[in-house]
Structures are given as C-alpha cells and as structure tokens.
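Spelled out, the chains give:
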Amino acid sequence: MRYLALPLLSQNLTESTARAQTLSLYLQLSLQVSLSQRNESTMSSSSSSLPSCPKKVVTLKSSEGETFEIEEIAALQSKTLENMIDENCADTPIPLPNIKGKILAKVVEYCNKHAEVGVDAESLRAWDAEFVNVENTTVFDYILAANFLEIPTLLDLTCQSVADMIKGKTPAEIEKTFNIKSAFTPEEEEQVRRENQWAFE
Amino acid sequence: MLRFRTLLASPYRKRKKQPKTGRKTRATRSDAVPRKQCHRTDELRQPHQLETVEQEEEEEEAEAEDGELGFHLKSSARSNAHGVQPLGNLFLSPNATNSRNTGLGALQNLTDELLLEILGLLSATQLGILATVSKSFYIFCNHEPLWRNLVLEALGGDFSFNRSWKSTYVAGCHPSFDVGSVGDLGLEIRDFYSDYVFQSWLCANLEMKPEWLERDNIVRKRGISVEEFVRSFEEPNKPVLLEGCMDGWLALEKWNRDYLVKTCSGVRFSVGPVEMRLEDYFCYSDQTREERPLYLFDPKFGEKVPVLGLDYEVPVYFREDLFSVLGNERPDYRWIIIGPSGSGSSFHIDPNSTSAWNAVITGSKKWVLFPPDVVPPGVHPSPDGAEVACPVSINEWFMNFYGATKSWKKKPVECICKAGEVIFVPSGWWHMVINLEESIAITQNYVSSRNLLNVLDFLKKPNASTLVSGTRDRVNLHDKFKKAVEAKFPGKIDQLMLEAEDKAALQKKPSFWDSVTDSKAGAFTFSF
C-alpha cells in the first residue's frame, strides 16, 4: 500500500512536495517535534556531551539477537522508537529482526552523535560525511534501517550519498559501481540511447 | 494490496475488443493488463525479443470479469506502462527472473519507494544517463512523477505539456532535441515485475467502476427556505444537496473553456505548487494520465479577474459570512476549481472548522463524506490533527477501502453532484471528491452563527500555528476575529454561548445514522 502524508486541513494539496511512503511496521503518526526543542527542555549542561540528568535507556535487539542500549533522548530521533516510548512499549528489549547487529551498532552511534548538544553544524557535517564513507552495500543497509526506524536525517543523508554515487558517472561506470549486467540487446541499447541522447550532449 | 495480487493471479476469462476501428488489436500492446499474461504465454516461450510498439491511438478495452474485482481501463490514450507487471505475475511466468532485480545490481534490496526517493535527488541529465544503464533503470527513470517534479522546478507553470512529463521536460529544457522523433511508447520490457510501479500506472489509467458510483444517499432539497436549511441541516451539521439555487447564475450559461480563456487572458491561476495560464492548464489536462493530476484551485480568482465574481452569487442559504468582518485580512474563503476527469481531493477536513458549499458549473463530481467522529477507512490522521496519511491516489482508496464501507454500520454519505447543483459540507466532516469528467466549480468556506463558537475554539488551540490555514497571521487570527465580531455584532458571541449551554442541557437528539437511508440510484454510467 502506498501512502502519502499530507497537511490535513488544506484543500489545495501541494503535489511536488508530497511523496509516497510505505507504512512502517509501527503505524502511528506523531507531531514532528524538532530535536533541539526536546534537547533544550531536558539538557542540564551546554557542553558537547549528552545531558547528565538520570538517563532512561532503551534496549534494541538485532536480527542475530545481540542487544544494544541507546539513551532515550537519542532514540527519539527514530519516529518508530519515539512512538513506542510514548506508548510505553519500550521497557523491554525491542526486536528489530531485519537489522543486523553490525548495522544497528552504527545506527545507534549515529543517533547518539545527533543527540549531542553543542556540536557545530560544520563538524557534524564532516562527521556525517565520514559516517557514509563506507562500502556501498553498508550504505544500502543504513538506508533500509533508517527507513524502518523512520530516522529522517539518516535517511536523507544516506539517500543523498547514493545519489552522489550516481552523479557524474557514465553508464559504464554506473554498471561497475553497482555490479549491474545490462541485458539490453544492441537494438534496444541503441533505441534507449537515442531516446536519451539529449542527456549526453 | 494482497487482494489485488490475488486478482491478478486469477485465470484469464475473456477479453472484449472494441469494434470501432478496423485495426487489429495488437496482443503485444504494453497495457500491462495482467489477464493478458496467460494469453501471451506462447509468446513468452519464444526467445525474448523486445519490440518497439508504434504509436497508435488506443481504442482497445481489456475487461476481466472476476466477480466484482474486474477493472476497466480508460479507453482513451493511456500512459506508457512499458510492459511493467505486478509482482504476483512473476509466479505465473515461465521465466523466474525479475529484470527489476538483475538490472539494479547491488541496489536491488532497496524498495521501489526508496529507490525512487534516491532518483528524486538526481538532475534530469543524470536520470537520462541512468536510464540507459539497464532495463530496470530504464523503467524507474521513466517514472512520470519524477519528471513532473523536474518540470515544475525548472519551468514553474510555464510549460507546454507534450504527451508526458518527461517529454515535456526535454522539449522545454533541451529544445534542440527533437522529442517527436522519439515517439511515445519507448521500449517494452516484459520481465519487469513491481507492484509499486504497476499500481502507479494502473491507478493513473483506471476507469471508475460503476459500483463506486451507484450509491447516492444524500438528502436532496429544492427551494427550501433559509430557516428550514438552518434548522434541518446547518444546525444539526448534516450535509445536503441543494437544487435550483444556482438559477440565474450567469456562470451556468457563460462559463466554458473558450469564455474563460478569453476572459482570463494572461492571468495565472494556482495549480498545485505553481501558477499557470488557463490555456496551458487545459493543454495539460487534456493529455494527462496520472494518479493525481494537477488541480487548478485558486483562492484569489475574484481578485485576479473581477468579472468572474460577477457571474455568480452566493446562494441565499450561505449569506451570513462572519469572516467578512476581517475585510482584506480574512483567510482564503473562495476558490475556483477546474480539473480533468480523475482529479480531485483525497480525504480531508476543511480548514479552520468552517462549513463549505461547492457548486458545480460544468461537469460532475463524486462525493464521499464521513461525519466528524468517523475516520474514513484507510485514512490515518496524526494525533494532533496536523497531518493525515491516506492512499496515494483516490482510485487507490476506492480499490482498497470503498468495499469496506458497504459492511460498516456508519456508511458514508455519497452522491454525484452535477452541473447546477450545490452541496453543503458541514463543518468538521471528512470528505473526498473526484471529478468524473472535466469540471468547473466554485466553492466557498464560511462561518455563520451556527459554527462561530466552534471556529473561535479552533483558532484558540495551542497549535494554531500549524493548523490554521489560508492566512499568514495564524497565531493572532483568533483575537483579531473575536474583536472584529464583537465590534460589528456586539453581544453575539455571549448570546451564542448562552444558547449553547441551554442546548447542552436538553436531551440528546436521535443519532444522525438513524436518519440516513441507503438508496440505490438507477443505473448511472459514464463513458469517457
């Protein structure tokens, strides 16, 4: 089922900004509260670290059964986890059967980093760039995890990273990057090329 | 979706050819209608040879009677499907591979939605290059919504629609390239299976099923007094279809395409995120085959072209218009609505807790309404009411959720509103509208004494900044409005509050649902 999230009280729905999204396993929409607002209300110091007040922790379980702890404030970046926390379902380990331990560890690291206060935008960007400076298949796994857990910033970061893998490359280079075997016959290839010749000029 | 897959795996029953032309219908036409899959089994066993299909005016109508699940496709020219089939067909295919996956390589584990999200970040040139990499990328990169976004970003409302969004983009941004030489249909790819891409195409080309249009259970009234309207409908907050209250509207005689184009020459109207001239919009609406066609919905038509405002008058039932006390600072309140068959609005509640009326000048609209306390099936409002998730297209809602309403105790109110008829949409009611043919309508939202208190309450809500619509001054609107009403109608608000308290003390009235009757309309069919 393909779903669209739209402003409710608008007769004139803007098309170009709407995109179809799949429903995640935990279907509940909540108000998007900016993380900084939440941080401000709970932080007790302004240094570059997580708040030092008593921390509530959420436990996540990977597909292999390995557990990872994440502080609630960091977990709130995931809409899925935020919903579960709001519904009081986050007191026992949350199974995530489609996320491997290796990936989940990194996702937790990402959420922790993005929950820190006092990090300037420049160094966060640099950190993000390093975060996605990994093998392609790992980035794809990040995308799937970010999609499942509904972490918009991570999803944007990783999707952009894949788009960057495509930019500026020739068809042959793209085939190599993603290990694709083009199955066009010579006639098809010629026709497809002809249709898109404008892009090569 | 599961129900849909079952349909597509069902055996082929029959196929009807339109006798109109003497042309042979080509079995290899890229309709991607799954019933043909069985018919084409023999062809599939032959060595795969993808052929180009020449451009022809499409007259064939594929029909499968599988109980009530058969779908009709629009008989006029359809958008290109490139032979994409739904995933269920993979199990019927003698060839077990899905070129979707082999053609994506390492990206194949991403869902279609995620892949399209990534492609949405690419420039047109990058998309064009990527389309030549594999059959799979060819299909994904030709996904029309991607090109629609690119056109609207690059050209705004100044585009001359040319058969498809991709073609429109190339013609508009690479004029030296001859798009005409490319032809419409491109490559046909037989071994690509994807529910998302297929569904997208199907919803764009689907004809409304007769049973979706049959139920017409709204109360219809002609020539009632304002008092009766207020007493029987506005106060109890019930919808009604009013006949005969557009008599005398010049718009009914004068408004057609030619008149509007001439009268509005050079003026741009709001169409989704852009503004377009009418002639450009009609050029687009004539050709488009999309799930969610762009809809012309302009809140300033009266200011942009004052003579249009003279061609109609507010029906007598809706003359009390309290937001008018705000003068120019009032929120948007009236719209001209123009759209092709298939365009419309998915389920929503009107802004600011206002009530509305919608008058059809030409064409016809199918309405489905649910009362404020009944969330339509398949619709998921956020807890605070600021956002709603609903199926991507209106057709998709009908395909997957309309049937459920037949067994619900609280059935929706439904009707087809035709030219000359006005529907009253009470405040807070969910509603969805689809144009059954090209339609021109006027709609206004208003606040009367009956819903003034509700509106004030709504504007006072703590999240007014996200919920209040149609004005730039969301946060202060409540105070401004209240002050202005007090100034013009001193004591009105207090009096209404007293009356409301009295009413609350009275016995509860019979439920609305006790009064809804479910009548089947006579056989009402459309042909396009």
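The name given to chain B in an unreviewed UniProt entry is F-box protein At5g06550, with the source organism recorded as Rhodamnia argentea. Recorded under Subcellular location (unreviewed entry), the UniProt text for chain B is reproduced unchanged: "Nucleus".

Under the annotation held in an unreviewed UniProt entry, chain A carries the name SKP1-like protein 1A and is attributed to Rhodamnia argentea. UniProt, in its Sequence similarities (unreviewed entry) section for chain A, records the words "Belongs to the SKP1 family." The heading Pathway (unreviewed entry) in the UniProt record of chain A holds the text "Protein modification; protein ubiquitination."

On to the pattern of salt bridges. Tallied over the full model, the rule gives 34 salt bridges over all chains. Two residues, Lys106(A) and Glu109(A), come together in a salt bridge whose shortest N-O distance is 3.5 Å. You can see Lys106(A) and its partner Glu109(A) sitting in helix H4 (residues 101–115), 3 residues apart, about one turn around the helix. Between Glu211(B) and Lys209(B) there is a salt bridge, with its nearest N and O atoms 3.5 Å apart. We classify Lys209(B) as buried; its relative accessible area is 8%.

Taking the numbering used here, the UniProt-annotated feature "domain: SKP1 component dimerisation" (unreviewed entry) corresponds to residues 153–199 of chain A. End-to-end, the C-alpha atoms of residues 153–199 of chain A are 31 Å apart, and along that stretch the chain is 68% helix and 0% strand.

Attention now goes to the packing of aromatic side chains. All names here are of chain B. The full count for this structure, using the stated rule, is 37 aromatic pairs over all chains. On the basis of an interplanar angle of 85° and a centroid distance of 6.4 Å, the ring pair of Phe-159 and Tyr-284 is categorised as edge-to-face. Of this pair, Phe-159 sits in the loop between helix H8 (144–155) and helix H9 (165–173) while Tyr-284 is found in helix H15 (residues 278–287), placing the two residues 125 residues apart along the sequence. A ring pair is formed by Phe-229 and Phe-424, whose centres lie 5.0 Å apart and whose planes are at 80°; its orientation type is edge-to-face.

Relative to the assigned elements, Glu396(B) resides in helix H18 (residues 394–407). Looking at Glu396(B), the relative accessible area reads 0%, which means it is buried.

Residues and elements named next belong to chain A. As a packed pair, H4 and helix H6 (residues 136–149) sit with axes 10 Å apart at the nearest point and diverge in direction by 65°. One way to sum up the angle between H4 and H6 is to call them roughly perpendicular. Pair H4 / H6 crosses with right-handed handedness. Contacts between H4 and H6 pair Lys-102, Ile-103, Lys-106 and Val-107 from the former with Thr-138, Asp-141, Tyr-142, Ala-145 and Leu-149 from the latter. Its residues assigned to classes, the contact of H4 with H6 shows 5 nonpolar, 1 polar and 3 charged.

For helix H22 (residues 492–505) of chain B, built from 14 residues, the straight-helix expectation of 20 Å at 1.5 Å per residue is met to within 8% by its first-to-last C-alpha distance of 20 Å. Among the structural elements, helix H19 (452–460) and helix H21 (477–488) of chain B are those in contact with the buried residues of H22(B).

Residue and element names in this part refer to chain B. With respect to the element layout, Gly-342 can be found in the loop between strand S6 (334–339) and strand S7 (344–348). Since its relative accessible area comes to 18%, Gly-342 is described here as buried. Among residues more than four places away in sequence, those in contact with Gly-342 are Lys-74, Glu-291, Pro-293, Ile-434 and Asn-435.

On the surface, a cluster of negative charge is contributed by Glu235(B), Glu499(B), Glu501(B) and Asp502(B). Relative to the helices and strands, Glu501(B) resides in helix H22.

Another point: the UniProt feature "domain: SKP1 component POZ" (unreviewed entry) in chain A. Following the UniProt record, the feature "domain: SKP1 component POZ" (unreviewed entry) maps to residues 56–115 of chain A here. Taken end to end, residues 56–115 of chain A is 45% helix and 20% strand, and its first and last C-alpha atoms sit 14 Å apart.

Looking now at the sheet that holds strand S12 (residues 413–418) of chain B. Residues and elements named next belong to chain B. The strand order S7-S14-S9-S12 describes an open sheet built from 4 strands, whose pairing is antiparallel. Two strands bound the open sheet, and with one partner strand each, they are S7 and S12. Across the sheet, the mean angle separating the axes of adjacent strands is 15° when strand polarity is ignored. Examined bridge by bridge, strand S9 (residues 364–370) and strand S14 (residues 430–435) share 6 bridges and lie antiparallel to one another. By the bridge assignment, Leu-369 is partnered in S14 with His-431. On the sheet, H18 packs against S7, S9, S12 and S14 and is oriented at approximately 125° with respect to S14.

Rules used in this analysis
Residues numbered from 1 in each chain as written. Chains lettered and ligands numbered in written order. Predicted model: local features only at pLDDT ≥ 70, side-chain atom pairs only at ≥ 80, totals over all residues. Heavy atoms only, no water. UniProt positions renumbered as here; feature names shortened; annotations may be inferred. Salt bridge = Lys/Arg side-chain N within 4 Å of Asp/Glu carboxyl O. Helix = DSSP H or I, 4+ residues; strand = E, 2+ residues; numbered from the N terminus. Buried < 20%, exposed > 50% of the residue type's maximum accessible area, 1.4 Å probe, protein only. Phe/Tyr/Trp six-rings, centres within 6.5 Å; stacked < 30°, edge-to-face > 60°. Axes fitted to C-alpha atoms, helices over the stretch in contact; angles between N-to-C directions. Parallel < 35°, antiparallel > 145°, perpendicular 65-115°, else oblique. Left-handed = near helix turned anticlockwise from the far one by under 90°. Contact = heavy atoms within 4.5 Å. Nonpolar A, V, L, I, M, F, W, Y, C, P; charged D, E, K, R; others polar. Expected span 1.5 Å × (residues − 1). Patch = residues over 30% accessible without salt bridge, like charges linked within 9 Å, V, L, I, M, F, W, Y side chains within 5 Å. Areas by Shrake-Rupley, 256 points an atom, 1.4 Å probe, with all protein chains shown as cover. Lys, Arg positive; Asp, Glu negative; His and termini not counted. Charge placed at Lys NZ, Arg CZ, Asp CG, Glu CD. Pairing = 2+ DSSP bridges.

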